[in-house]
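Here are the chains, one letter per residue:
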Amino acid sequence: MAEEPVLSLADFRVSFPTDDGDVLAVRGVDLDVGPGELVGIVGESGSGKSVTFLGVMGLLPKSAKITGSAKVMGQELVGAKKEVIRSVRGENIAMIFQDPLSALNPVLRIGPQIVEMIQSHRSMSKSAASEHAIELLDLVGIPQPKTRARQYPHEFSGGMRQRVMIAMAIANDPKVLIADEPTTALDVTVQAQILEVIQRIQRELQAAVVFITHDLGVIARVADRVQVMYAGRAVERADIDHLFIKPTHPYTRGLLDSLPALGGERLKPIAGAPPNMLNPPSGCAFRARCTHAAPQCANGDMALVAFNGSETACVRIQELVTEGAL
Amino acid sequence: MLRYILRRMLWLIPTLFVVTFLAFCALRIGTDPLASFLKQNPRASLANIKQYKSVNGLNGTIPEQYFHWLRHFVTGNWGRSIKGSTPVWPDLKHAMANTAVLGLFSSGLGIFFGLSIGIIAALRQYSKFDSVSSTGAFVALSIPPYISAIVLQLIFAVYFTRWFNLDHPFLPTSGIYPPGHHGFDLILRVKYMILPGVVVAIQTLAVYSRYMRASLLEVKNSEYMRTARAKGISERRVIFRHALRNALIPVTTFAALDIGAIIGGLVITENIFGYPGMGVFFLKAFNNGDYPQLMPWLVIVAIALILFNLVADVVYAFLDPRIRLA
Ligand SMILES: Nc1ncnc2c1ncn2[C@@H]1O[C@H](COP(=O)(O)OP(=O)(O)OP(=O)(O)O)[C@@H](O)[C@H]1O
Ligand SMILES: [Mg+2]
């Protein structure tokens with residue numbers, strides 16, 4: 001990555017104090033996203049995907065403790081003043097969510113909801129902003145954008161709502177778009193259309209996209225690079241081709257094996273459950289479920305190390321590859 | 001919308017017809033107007049009785065009597081009370097006005113402060129303010145009005161007068177003007193309304209603070225609040241434009257219903273404070289078996305309830321675009 005990253009996480013951590021102790025939801029994540037790049041984030045439910053990026057956006061409950069570094073266009077957001085965070089989000093970084101119906105305000109028309117996004121960062125007249133909102137709706141493929149801008153969220157179908165969310169998110173040409181499972185709530189054909197819209201946004205606006213999902217199939221279609229998360233940490237980071245052809249972590253292998261194959265092969269889910277984040281194990285958090293676990297897996301800081309063009313946190317990777325176990 | 005309102009208004013007529021007929025039958029079965037008449041006029045002659053019966057349509061079957069009453073009622077001939085033989089309308093009009101003044105005064109106070117407290121409590125959930133106001137609301141709700149009325153009377157009329165050595169009660173406890181007073185006097189009127197008003201306002205305030213708090217808390221946790229924050233708009237704007245706009249919808253509807261119920265009077269409070277409103281009017285008429293007074297009272301209360309039900313529906317549809325009136 002020659003250019004400066006537009007989004008850069010370093011040792012990013014999030015914990016939630018509870019009566020039973022701190023839930024360590026994110027435990028030191030590093031990630032650099034280059035301009036216009038589409039990075040996929042995968043991992044099972046509870047692996048900390050959403051919390052990481054909600055944390056970056058400053059959208060977690062006040063009780064959340066955030067440490068480390070999260071820079072958007074070089075601007076540090078961890079510990080930044082509220083006004084600084086506010087000026088960055090919606091402007092340089094925007095986010096869309098899984099359920100586009102509940103993510104839109106039910107009592108406001110679509111147009112004004114987009115206009116609000118524009119006017120909070122641009123000094124633009126209301127009519128100019130409305131014009132721009134209609135252009136945006138057109139850009140994301142909403143027919144009759146002028147009429148649609150005057151309608152309420154409940155008058156849109158699920159796929160159309162997600163397009164509205166995207167139109168709103170890209171209103172100010174953000175450098176980074178975070179998409180948190182944007183297609184999970186949609187049916188397959190609509191899902192494909194939304195993926196196309198997101199890819200077009202990425203191409204035409206040169207926006208970097210962080211695409212969160214637990215669907216490796218979706219990732220395969222859109223992502224340039226993938227970061228696999230487990231128990232609040234990254235366990236593997238690889239280019240999309242590397243990841244599918246020669247994964248470098250047993251967890252990634254497990255995720256790939258649990259994909260339903262077209263040939264009708266039965267899918268093999270990973271046995272066991274993720275650890276309790278109140279007391280995550282030391283060493284490799286995956287070792288309790290890993291068929292290749294060995295004593296040395298209990299030690300070490302599990303930082304990502306380069307291996308065969310990928311980066312992996314597996315300390316046994318050399319042995320496993322030699323054995324042909326992955 | 002207009003058609004809907006017109007249709008609902010038309011429905012008012014058959015509804016009132018059924019309600020008044022049922023009420024008329026119940027009154028005829030429960031009370032005997034002739035007995036009431038004889039109680040008030042113990043030395044009435046046989047000719048008197050016969051005349052009374054024919055003037056008031058007390059001959060024939062109950063349906064016949066009902067239609068006699070209905071004919072007179074719709075032609076504005078509301079007759080005279082059995083006790084005292086005073087014309088019904090002027091008394092009823094005064095009772096209505098008095099109740100409306102007290103009801104609007106106390107509900108206005110109660111709703112305004114209730115909503116304010118509820119909003120602050122929800123915005124600062126788990127704060128000291130929240131726990132104090134919640135406890136206060138539960139205490140206020142669990143004290144019945146006849147207790148709070150007597151306690152307030154003791155404090156402000158008896159003890160205050162004693163402590164400050166006043167020659168008359170600090171606040172009056174009964175009626176709407178001092179005995180023998182004629183004409184309108186704003187200061188006196190307000191002074192006489194303070195204690196009954198506060199008794200009612202406390203209950204209203206408690207209910208609305210809880211309701212507002214719950215409604216705002218629900219909205220606060222909704223996803224469109226997260227979207228609004230993700231836009232980078234000010235927290236103030238997030239609260240006013242997105243949270244309150246949504247949280248006030250159910251509360252406003254509830255308030256419309258409550259205001260419709262005011263006209264029925266506050267039987268207990270009005271009685272304790274000797275406040276000549278609809279509640280006292282009803283109780284007296286009921287004790288005297290005075291159906292010429294009871295029937296119009298009932299019609300007015302029924303109309304108010306039905307109309308404000310309609311108002312609540314229309315307001316709801318107006319505030320929430322998801323509701324379509326059809
Ligand atoms: N407000 C909170 N308080 C306490 N724990 C929380 C809170 N929010 C999230 N968590 C915990 O943080 C962990 C990570 O959650 P997160 O939502 O990031 O998972 P995810 O990877 O996005 O999963 P999914 O695929 O289900 O969306 C979970 O264990 C969750 O229980
Ligand atoms: Mg998630």
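What you see is a predicted model, and the numbers here were worked out from it, not measured in a lab.

Cut-offs used in this document
Residues numbered from 1 in each chain as written. Chains lettered and ligands numbered in written order. Predicted model: local features only at pLDDT ≥ 70, side-chain atom pairs only at ≥ 80, totals over all residues. Heavy atoms only, no water. Buried < 20%, exposed > 50% of the residue type's maximum accessible area, 1.4 Å probe, protein only. Helix = DSSP H or I, 4+ residues; strand = E, 2+ residues; numbered from the N terminus. Near = heavy atom within 4 Å. Polar contact = N/O pair within 3.5 Å; in protein donor to acceptor, adjacent residues only side chain to side chain. Areas by Shrake-Rupley, 256 points an atom, 1.4 Å probe, with all protein chains shown as cover. Nonpolar A, V, L, I, M, F, W, Y, C, P; charged D, E, K, R; others polar. pLDDT = per-residue confidence, 0-100. Contact = heavy atoms within 4.5 Å. Buried area = accessible area lost by both parts, 1.4 Å probe. Salt bridge = Lys/Arg side-chain N within 4 Å of Asp/Glu carboxyl O. Axes fitted to C-alpha atoms, helices over the stretch in contact; angles between N-to-C directions. Parallel < 35°, antiparallel > 145°, perpendicular 65-115°, else oblique. Left-handed = near helix turned anticlockwise from the far one by under 90°. Pairing = 2+ DSSP bridges. Core = buried A, V, L, I, M, F, W, Y, C linked by side-chain atoms within 4.5 Å.

Residue and element names in this part refer to chain A. Among the nine residues that make up helix α1 (residues 49-57), eight are buried, leaving the element largely enclosed by the rest of the structure. Within α1, burial applies to Lys49, Val51, Thr52, Phe53, Leu54, Gly55, Val56 and Met57. Positive phi shows up at glycine 58, right after α1, with a value of about 70°.

Right, let's talk about the site of ligand 1 for a bit. Residues and elements named next belong to chain A. Near ligand 1 lie 13 residues; those nearest to it are Ser45, Gly46, Lys49, Ser50 and Val51. Here an oxygen atom of ligand 1 and a backbone polar atom of serine 47 are 3.2 Å apart. In the complex, 65% of the free accessible area of ligand 1, which totals 640 Å², lies under the protein chains. Ranked by residues supplied to the shell around ligand 1, first place goes to α1 with three residues. Across the shell around ligand 1, the residue classes tally to four nonpolar, six polar and three charged.

Quick look at the confidence of the model for chain B now. In low-pLDDT segments, the atomic positions of the prediction should not be examined closely. All names here are of chain B. On average, chain B scores 91 in pLDDT, and the residues at 70 or more come to 100%. Per-element confidence in chain B ranges from a low mean pLDDT of 84 for helix α2 (residues 33-40) to a high of 96 for helix α9 (residues 223-230). What the predictor reports for the complex is a pTM of 0.88 with an ipTM of 0.91.

One frequent convention defines the size of an interface as the accessible area lost when the parts assemble. Taken together, the 21 residues of chain B in the interface contact 25 residues of chain A. Buried area between chain B and chain A, both sides added, is near 2,000 Å², and the carbon and sulfur share of it is 58%. Where chain B packs against chain A, one counts three salt bridges. For glutamate 116 of chain A, the salt bridge is made with arginine 241 of chain B, and the minimal N-O distance between the two is 3.1 Å. Counting every contact that joins chain B to chain A gives twelve residue pairs in polar contact (both at pLDDT 80 or more). For the side of chain B that touches chain A, the element with the most residues is helix α10 (residues 235-262) of chain B, which contributes seven residues. Split into classes, the residues belonging to the side of chain B that touches chain A amount to six nonpolar, five polar and ten charged.

The next point concerns the packing of helix α3 (residues 110-119) of chain A against helix α4 (residues 126-139) of chain A. All names here are of chain A. Orientation of α3 relative to α4, taken along the N-to-C sense of each, is 110°, at an axis distance of 9 Å. On the basis of their axis angle, the class for α3 and α4 is roughly perpendicular. Two packed elements cross with a definite hand, and for α3 against α4 that hand is right-handed. Residue-level contacts link Ile110, Gly111, Ile114, Val115, Ile118 and Gln119 of α3 to Lys126, Ala129, Ser130, His132, Ala133, Leu136 and Leu137 of α4. Residues belonging to the contact of α3 with α4 are distributed by class as follows: eight nonpolar, four polar and one charged.

For the rest of this paragraph, the subject is the sheet that holds strand β10 (residues 233-239) of chain A. Residues and elements named next belong to chain A. Read across the open sheet, the eight strands follow the order β6-β7-β8-β3-β9-β10-β12-β11; overall the sheet is mixed. On the outer flanks of this sheet lie β6 (93-96) and β11 (305-307), each paired with one strand and no other. This sheet shows a mean twist of 20° between the axes of neighbouring strands, independent of strand direction. For β11 and strand β12 (residues 310-312), the ladder comprises three bridges, and the chain directions are antiparallel. Each bridged residue has a counterpart across the sheet, and for valine 305 the counterpart in β12 is threonine 312. Docked against the sheet, α1 engages β3 (38-42), β6, β7 (176-180), β8 (208-213) and β9 (225-230), running at close to 140° with respect to β6.

By size, the foremost hydrophobic cluster in this structure holds 101 residues, and its most contacted members are Leu7, Phe53 and Ile114 of chain A. Ranked by size, the runner-up nonpolar core spans 20 residues in total, among them Ala122, Ile233, Ile239 and Ala243 of chain B.

Let us look at the pairing of β10 of chain A. Residues and elements named next belong to chain A. Here β10 lies mainly inside the structure; five of its seven residues are buried. Across six bridges, β9 lies against β10 in antiparallel orientation. Bridging across to β10, tyrosine 230 finds its partner in arginine 233. The turn joining β9 and β10, which pair antiparallel and follow one another in sequence, is formed by two residues; a positive phi near 50° is taken by alanine 231. Bridge analysis of β10 against β12 gives two bridges, and the strand direction is antiparallel. Looking at the pairing, glutamate 236 lines up with threonine 312 of β12.

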